[in-house]
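# Commentary on secondary and tertiary structure
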Amino acid sequence: MDPKQRQFSIWYMFIALWVLILIQTFLPSLFNPTEIPYSEFKSSVEANKVTEVTVSPQVIHGKMKEDKVFHTIRIEDPDLLRSLAQHQVKVTGMIESTLFRDLLSWILPIVLFFGVWWFLLRRMGQSQGFMTVGQSKAKIYMEKEVKVTFADVAGVDEAKEELEEIIEFLKTPEKFRRLGGKIPKGILLVGPPGTGKTLLAKAVAGEAGVPFFSISGSEFVEMFVGVGAARVRDLFEQAKSKAPCIIFIDELDALGKARGVGPMAHEEREQTLNQLLVEMDGFDSRAGVILMAATNRPEILDPALLRPGRFDRQVLVDRPDKIGRLAILKVHARSITLADPADLETIAAMTPGFVGADLANVLNEAALLAVRRNKDAVGMSELQEAVERVVGGLEKKNRVLNQMERARVAHHEIGHALVAMSIPGGDAVHKISIIPRGIAALGYTMQLPTEDRFLMTESELKNRIAILLGGRAAEEVIYGEVSTGAQDDLRKATDIAKSMIKAYGMSEKLGQVSLERDRQSIFLQTGPSQTPGDYSEQTSREIDCEVRLLIDEQYERARDLIKAQEATLRHVAQALLEKETITGEELKALAAAQ
Ligand code: ADP
Ligand code: ZN
């Protein structure tokens, strides 16, 4: 039960309690509507108004003239009988039975109370009574019949090829057993998030027609010691009984981080990991259980996981290239009516760096836009807008910048664009916008690479840095002062500069050495690397100096380029302020007109 739910149930218990108290107070008078004070009863007797009474140990019931019924609580009164006799009242005795009233006034509220409680507990999640607090939240998902096939996964042909053999084995394990072929136990799918690793594992199960068990490594992390290990045992137990089948562990890195790293070795994770290793060693893949796992950070995995007989085969699932992107778009466009199928090629060309999940998202957004606009087919305008949305988060037209801020953002963005335009061989500027998108980006300049790149030269990397710094340089030229708006640009520029010096050996002073082992190429960058390099403090200081030098140099360059075109900058920024977005062509025309 999460805290919110608990709070919720406490509230309801309060209400139930309150209802109970109300019932306690008012029930008796509800059933006894004509109670009168004893004194009034006495005076009525004196006044000869009472005709008959029934006396019980606690209560006196009676009738007045005109048949009015009443009762009163009996008070110790030795004179009562005499007084009744004096005024000719007919008296009957009675042994009072309060059982029925007791039942109503005590048992009913209690029953009601528990009833309400039980009802609420049931409503708060069928399986989540308070008895399950503290149990594992790592769920094992099992799909008996997987509908996903290789036809649903595109752009990862090499990975598919490598997995063919596994499918073959799962389909006819007897054949492999007879021939004694060696089948890997564990396959590690490596690649950035959203590239389709889960989808691929599922498709293997789908193609082979075997059950698919899945569990996520990150769900193990905050559990109590011992629970995770039990879960792992449970998972393998279940899988073995359903062999042949596939076990898929998503986010293996969350669970399989190298042991003993970090300030606090995580005992639970360690136990869970150990259990996983034990299970992997304990089963024979020929029994028909194949373990697959996904990670985007194979370098931080515990080496024990990668040893022979464990995850000894790695399959790379990388970001798709242009052809791959087109194939993925086609897969997801199957359920969408397109105005012109050729549009997908343009979109594939526009989206280098996008992964499968992003592309699926683009088509989904585009379809929603078309519906909103009452169109019968998804056209280029929807597709383009969807790409922009996915790039920069949702368009937030209602987010208002004040006039000063808008002007600054406009000059900043034109700064990027002008530097990009002035650098020979740079990527063409596609679009500049000052419509805020998402929280971080106040504006953006979109460049369209003419092709996918896998190698970059030193000067190209330097150009990138200069373009990134162009925004801030423009602010300095126009306002004589910089702002906080360039934080993201600075971070990216610093990352590139660091990679150049530490990983690509592009610094004269430090020479042709790569000081960073585990860094992926910057095309695959998933964030700053956290592995400390094994170099001296002296070198570390030199790296910092070199990074600074490189960035200062490029900043100078950007500023000089912009100073030379200050008039154009002011002019184009004015146009941008009016129109909010301008295209690359418009920018060229405006610049040429100067
Ligand atoms: P990962 O496990 O690598 O993070 P997923 O497999 O969860 O990525 O992908 C998320 C979604 O993105 C999938 O369900 C699918 O709709 C889409 N997707 C990702 N990659 C591909 C691909 N190569 N082909 C088709 N769809 C893809
Ligand atoms: Zn910027």
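Residues numbered from 1 in each chain as written. Chains lettered and ligands numbered in written order. Predicted model: local features only at pLDDT ≥ 70, side-chain atom pairs only at ≥ 80, totals over all residues. Heavy atoms only, no water.

### Here's the deal with the pattern of salt bridges
Going by this rule: By definition, a salt bridge exists where a carboxyl oxygen of Asp or Glu is found within 4 Å of a side-chain nitrogen of Lys or Arg. Secondary structure elements follow DSSP: runs of H or I of four or more residues count as helices, runs of E of two or more count as strands, with numbering from the N terminus. Only protein chains enter the accessibility calculation, which uses a 1.4 Å probe; a residue is then buried when its area is under 20% of its type maximum, exposed when over 50%, and partly exposed in between.
Using the criterion set out here, one finds 20 salt bridges in the structure. Here Lys42 and Asp77 are joined by a salt bridge, their closest N and O atoms 2.6 Å apart. You can see Lys42 sitting in helix α2 (residues 38-46) and its partner Asp77 sitting in the loop between β3 (69-73) and α3 (80-86), a full 35 residues away along the chain. As far as the burial class goes, Lys42 and Asp77 line up, both buried. Among the salt bridges present, the one from Arg559 reaches Glu556, with a minimum N-O distance of 2.9 Å. With a gap of three residues between them, Arg559 and Glu556 both fall in helix α18 (residues 537-564), about one helical turn apart. For Glu556, a relative accessible area of 38% translates into the label partly exposed.

### Some words on the sheet that holds strand β7 (residues 212-216)
The cut-off we apply is this: For two strands to pair, DSSP has to find at least two bridges joining them. To define axes, lines are fitted to C-alpha atoms, for helices over the stretch in contact only, and angles between the resulting N-to-C directions are given on a 0 to 180 degree scale.
Across the sheet, six strands lie side by side as β5-β7-β8-β9-β6-β10; this open sheet has mixed pairing. Strand pairing shows two members of the sheet lacking a second neighbour, β5 (141-143) and β10 (313-316), which therefore form its edges. Neighbouring strand axes in the sheet, compared pairwise and without regard to direction, differ in orientation by 20 degrees on average.

### So, unusual backbone geometry
Its identity is not glycine, yet Gln88 carries a phi of approximately 50 degrees, on the positive side. Relative to the elements of secondary structure, Gln88 occurs in the loop between α3 and β4 (90-93). Since its relative accessible area comes to 67%, Gln88 is described here as exposed. Phi is positive for Glu251, close to 50 degrees, though the residue is something other than glycine. The residue Glu251 is located in the loop between β8 (245-250) and α9 (252-256) in this model. A relative accessible area of 36% places Glu251 in the partly exposed class.

### A short note on the nonpolar core
Using the following cut-off: The nonpolar core is taken to be a set of buried Ala, Val, Leu, Ile, Met, Phe, Trp, Tyr and Cys residues, with the residues joined through side-chain atoms within 4.5 Å. Residues are treated as being in contact if the distance between any of their heavy atoms lies within 4.5 Å.
Ranked by size, the top nonpolar core spans 46 residues in total, and within it Ile414, Ile432 and Ile465 carry the most contacts. Aside from chain neighbours lying at most four places away, what touches Ile465 is Ala493, Ile496, Ala497, Met500, Leu550 and Gln554.

### Describing the site of ligand 1
To keep it simple, the criterion reads: One heavy atom within 4 Å of a molecule or strand is enough for the residue carrying it to be called near that molecule or strand. In the analysis that follows, any N or O atom pair within 3.5 Å is treated as a polar contact, provided that within protein one partner can donate a hydrogen and the other can accept it, and provided that, for residues neighboring in sequence, both atoms belong to side chains. Only the protein chains shown count as cover for residues, and the accessible areas themselves come from Shrake-Rupley with a 1.4 Å probe. Note that Gly is not counted as nonpolar here; it falls among the polar residues with everything else outside the nonpolar set of Ala, Val, Leu, Ile, Met, Phe, Trp, Tyr, Cys and Pro and the charged set of Asp, Glu, Lys and Arg.
Around ligand 1 sit 14 residues, and of these Ala154, Gly194, Lys197, Thr198 and His332 come closest. Within the side chain of Thr198, an N or O atom sits 2.6 Å from an oxygen atom of ligand 1. One of the backbone nitrogen or oxygen atoms of Ala357 is found 3.5 Å away from an oxygen atom of ligand 1. About the coverage of ligand 1: the protein hides 79% of its 560 Å² of free accessible area. Taken together, the elements giving at least two residues each to the shell around ligand 1 come down to α7 (197-208), α11 (322-332) and α13 (356-372). Tallying contributions element by element places α7 first for the shell around ligand 1, with three residues. The class makeup of the residues in the shell around ligand 1 is six nonpolar, six polar and two charged.

### A word on the coordination of the zinc ion (ligand 2)
Selection criterion: A donor here means any N, O or S atom no more than 2.8 Å from the metal (3.2 Å for Na, K and Ca); water is not included, so a site may seem to lack partners.
On the protein side, the zinc ion (ligand 2) has His412 (NE2), His416 (NE2) and Asp489 (OD) as donor atoms, found 1.9 to 2.1 Å from it. One chain supplies every donor for the zinc ion (ligand 2), spaced along it as H-x3-H-x72-D. Of this pair, His416 sits in helix α15 (residues 403-422) while Asp489 sits in helix α17 (residues 487-503), placing them 73 residues apart in sequence. Residue His416 shares its accessibility class with Asp489, and that shared class is buried.

### A short note on the sheet that holds strand β1 (residues 50-55)
Here four strands make up an open sheet; going across it, the order is β3-β2-β1-β4 and the pairing mixed. Bordering the open sheet on either side are β3 and β4, each of which pairs with just one other strand. Between one strand axis and the next, the sheet turns through 20 degrees on average, direction left out of account.

### What about the side chain of Glu385?
Relative to the helices and strands, Glu385 is located in helix α14 (residues 380-392). The exposure class assigned to Glu385 is buried, which follows from its relative accessible area of 18%. A distance of 2.6 Å separates a polar atom in the side chain of Glu385 from a polar atom in the side chain of Arg373.

### Concerning the packing of aromatic side chains
The description of an aromatic ring pair rests on the distance of the ring centres and on the angle between the ring planes. Selection rule: For Phe, Tyr and Trp, where Trp contributes only its six-membered ring, two rings pair if their centres lie within 6.5 Å, and the inter-plane angle classes them as stacked under 30 degrees, edge-to-face over 60, or tilted in between. Distance and angle both matter: a charge sits over a ring if NZ of Lys or CZ of Arg is within 6 Å of the ring centre and within 35 degrees of the ring normal.
One pass over the full model with this rule turns up six aromatic pairs. For the pair Tyr38 and Phe41, a centre-to-centre distance of 5.7 Å together with 50 degrees between the ring planes defines the contact as tilted. Taken together, the positions of Tyr38 and Phe41, both in helix α2 and three residues apart, correspond to about one turn of that helix. Here the two residues Tyr38 and Phe41 agree in accessibility, since each one is buried. For the ring pair Phe114 and Trp117, a centre distance of 5.9 Å and an interplane angle of 20 degrees mean the geometry is stacked. Taken together, the residues span about one helical turn, with Phe114 and Trp117 both in helix α4 (residues 99-123) at a distance of three residues. Phe114 gets classed as partly exposed once you look at its relative accessible area, which sits at 46%. Residue classification places Trp117 among the partly exposed positions, given a relative accessible area of 30%. Among the aromatic residues, those joined into a cluster by ring pairs are Tyr38, Phe41 and Phe70. Directly above the aromatic system of Tyr479 lies the positively charged group of Arg408, at a separation of 4.5 Å from the ring centroid.

### Considerations on the pairing of β8
Two faces, one strand: in a regular strand the side chains alternate between the faces of the sheet. The element β8 is largely enclosed, with a buried count of five among its six residues. Pairing of β7 with β8 involves five bridges; the strand directions are parallel. Of the residues in β8, the one forming a bridge with Phe212 is Ile246. Here five bridges tie β8 to strand β9 (residues 289-295), and the two strands are oriented parallel to one another. Across the sheet, the residue bridging to Ile246 is Ile290, located in β9.

### Observations concerning the environment of Ala591
Note on placement: Ala591 falls in helix α20 (residues 584-593). Sequence-distant contacts of Ala591, defined by excluding residues within four places in its chain, comprise Met421 and Thr568.

### A few points about a nonpolar patch on the surface
To keep it simple, the criterion reads: Residues enter a patch when their relative accessible area is above 30% and they make no salt bridge; the linking distance is 9 Å between like charges and 5 Å between nonpolar side chains (Val, Leu, Ile, Met, Phe, Trp, Tyr).
A cluster of nonpolar side chains, Ile10, Trp11, Tyr12, Phe14, Ile15, Trp18, Val19, Leu22 and Leu112, forms an exposed patch at the surface whose accessible area comes to about 910 Å². A per-element tally of the nonpolar patch places helix α1 (residues 3-31) first, with eight residues. Mapped onto the elements of the fold, Val19 is located in helix α1.

### Concerning a negative patch on the surface
Definition in use: Note that His is not counted, nor are the chain ends; the positive residues are Lys and Arg, and the negative ones are Asp and Glu. Charged side chains are reduced to one point each, which is NZ for Lys, CZ for Arg, CG for Asp and CD for Glu.
Side chains of Asp157, Glu158, Glu161, Glu162, Glu164 and Glu168 sit close together on the surface and give a patch of like negative charge. The class for Glu164 is partly exposed, based on a relative accessible area of 40%.

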